[in-house]
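Chain by chain, the residues run as shown.
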Amino acid sequence: MHNALVLLVQLIAVGGNDIMSSIFSKKSVHAQNLILELDPLADKLSKKGRKIVRLNRGDPPRFFPTPKYIIDAYVKALRSGATYYTKSQGVSELVDAVIGRYSRLYKMKLREEDIITTAGVSEALLFTNSALINSGDRAVIFAPYYPQYIPRLMIEGGSPLIGNMVMKNDWDTDFDGLSRKLRMMNGNRKTVKYIITTNPHNPTGKVVERKALKELVNLANDNGILLISDEIYDEIVYNGKKFTSIGEVSKGVPHMIFNGSSKNLDSTGFRIGFMIIPENDRISEGLKKKFSQYALVRLSLNTPSEYAVAEAMNNTKEHMKAIRSMTNAIEKRVNFAVDLLRENPYITVTRPSGAFYILPKLDMKSFNFKSSRDFVVSALMETGVQMTGGYSFGAPSNFRIAALPPEETLEYAINRVNSFCLKHAKK
Ligand SMILES: Cc1ncc(COP(=O)(O)O)c(C=O)c1O
């Protein structure tokens, strides 16, 4: 029977409401995006004529137009008829460009089969969790975390084993605490399928030091757990910090690097990402084969995007100009926002050195807000500034700002948030 007809018959049989509870899988409750949770409220206020400043989403092209040479490459691909399906693992031009990039930036020697291209890091997360996670499995995720790590894992029936980054230590990772947690798992250690780290870090802006990365590699290796490093902001580093890729410090240990065009090439809407599996031990070789199969299942990426990103990565001269200019502007904007936030006596702020997020901590005792969610909802309604509550990142007393807009917008928004805090502080 045709699907729609089956649905209709079921609807008649069980009634409209029952079908709502029977049609969806149990795991589908985990499909959510907390960064966008307040969008409907912000849209409603905006429709009523309120001025809304959106500081919730890290979408660079909204503030830094995608460079012309990249747009030109996209248009050129379209005009040359690149509208067909491509090789599922990625066109060779793109794969070669990724090989070139990693050789240039990190002196890594990759081969074609080490790279699987994806529709953004988002699809790399989907492939990973679908391929590795059985119901009851765990994955080590460091809090504060990029929120999308959680639904991808939980949809597959997994759950996070939380490691902690400590704000008062400039967001250093608490490796001892994590080692203890892993030791306590005893015989269940095999159910921990991967450790994922984000560097430069969203939402704190931390750039992880080489020494800490080595510690992480050792911890993963000692426990026999696959290490994944999401390095999607690896060229957006400033305030004097230097970035180290996990690929530079984890020779001989199975690991994967996730990256893509969204942030460094200022092209979130192109939806190009890549998974890199540099080693050739048994696990790494198995992963390459498995993810190639996943790529085949979804046929192809966006074809003009593949060619445009390949060309953009190869044009190092234009790229260096563009990334320097964007990173310099981001550095100024982030530092400006941090200084202004530090005028607020009810919050603590660490200064980021990568990506473009700031994660201030609220002195919750000074307010009657029930939670960081209560704080961001009230702030949106009163000030028109949309931020993301720390509950979304596993940092319940914090809130996140994406400091991408120009300084005058940040000044307007942060002044309003600071006044809002003064007004609501207990007298
Ligand atoms: C740490 C991190 N990983 C992945 C993504 C999503 O990347 P993509 O656009 O490649 O799917 C983001 C987006 O903000 C991010 O912050």
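Residues numbered from 1 in each chain as written. Predicted model: local features only at pLDDT ≥ 70, side-chain atom pairs only at ≥ 80, totals over all residues. Heavy atoms only, no water.

Novice: It is not clear to me how the pairing of strand β6 (residues 192-198) should be interpreted in this structure. Could you clarify?
Specialist: Along any regular strand the residues' side chains alternate between the sheet's two faces. Here β6 lies mainly inside the structure; six of its seven residues are buried. Here four bridges tie strand β3 (residues 138-143) to β6, and the two strands are oriented parallel to one another. Following the sheet pairing, A139 is matched in β6 by Y194. Of the strand pairs in this sheet, β6 and strand β7 (residues 226-230) are connected by five bridges, and their pairing is parallel. The residue of β7 that forms the bridge with I195 is L227. (Buried < 20%, exposed > 50% of the residue type's maximum accessible area, 1.4 Å probe, protein only. Helix = DSSP H or I, 4+ residues; strand = E, 2+ residues; numbered from the N terminus. Pairing = 2+ DSSP bridges.)

Novice: Looking at this structure, how should I read the site of the ligand?
Specialist: Taken together, the neighbourhood of the ligand is formed by 14 residues, with V121, S122, D230, Y233 and S262 sitting nearest. At a separation of 2.7 Å, an oxygen atom of the ligand approaches a polar backbone atom of V121. Separating an oxygen atom of the ligand from a side-chain N or O atom of R271 is a distance of 2.8 Å. Looking at which element gives the most residues to the shell around the ligand, the answer is helix α6 (residues 120-132), with three residues. Per-class residue counts for the shell around the ligand are six nonpolar, five polar and three charged. (Near = heavy atom within 4 Å. Polar contact = N/O pair within 3.5 Å; in protein donor to acceptor, adjacent residues only side chain to side chain. Nonpolar A, V, L, I, M, F, W, Y, C, P; charged D, E, K, R; others polar.)

Novice: So what exactly am I meant to see when it comes to the packing of aromatic side chains here?
Specialist: Centre distance and the angle of the planes are the two values used to describe a pair of aromatic rings. Applying the stated criterion across every chain yields a total of 15 aromatic pairs. Ring centres of Y102 and F274 lie 6.3 Å apart, and the angle between their planes is 90°; on these two criteria the pair is classed as edge-to-face. In this pair, Y102 sits in helix α5 (residues 92-106) while F274 sits in strand β9 (residues 273-276), placing the two residues 172 residues apart along the sequence. On the basis of relative accessibility, which here comes to 0%, the residue Y102 falls in the buried class. Assessed through its relative accessible area of 1%, F274 is described here as buried. Pairwise contacts between aromatic rings join Y346, F367, F369, F375, F399 and F420 into one cluster. Its guanidinium or amino end placed over the ring of Y412, K51 lies 3.9 Å from that ring's centre, counting from NZ or CZ. (Phe/Tyr/Trp six-rings, centres within 6.5 Å; stacked < 30°, edge-to-face > 60°. Lys NZ or Arg CZ within 6 Å of the ring centre and 35° of its normal.)

Fair warning: the whole summary comes from geometry, so function is off the table for now.
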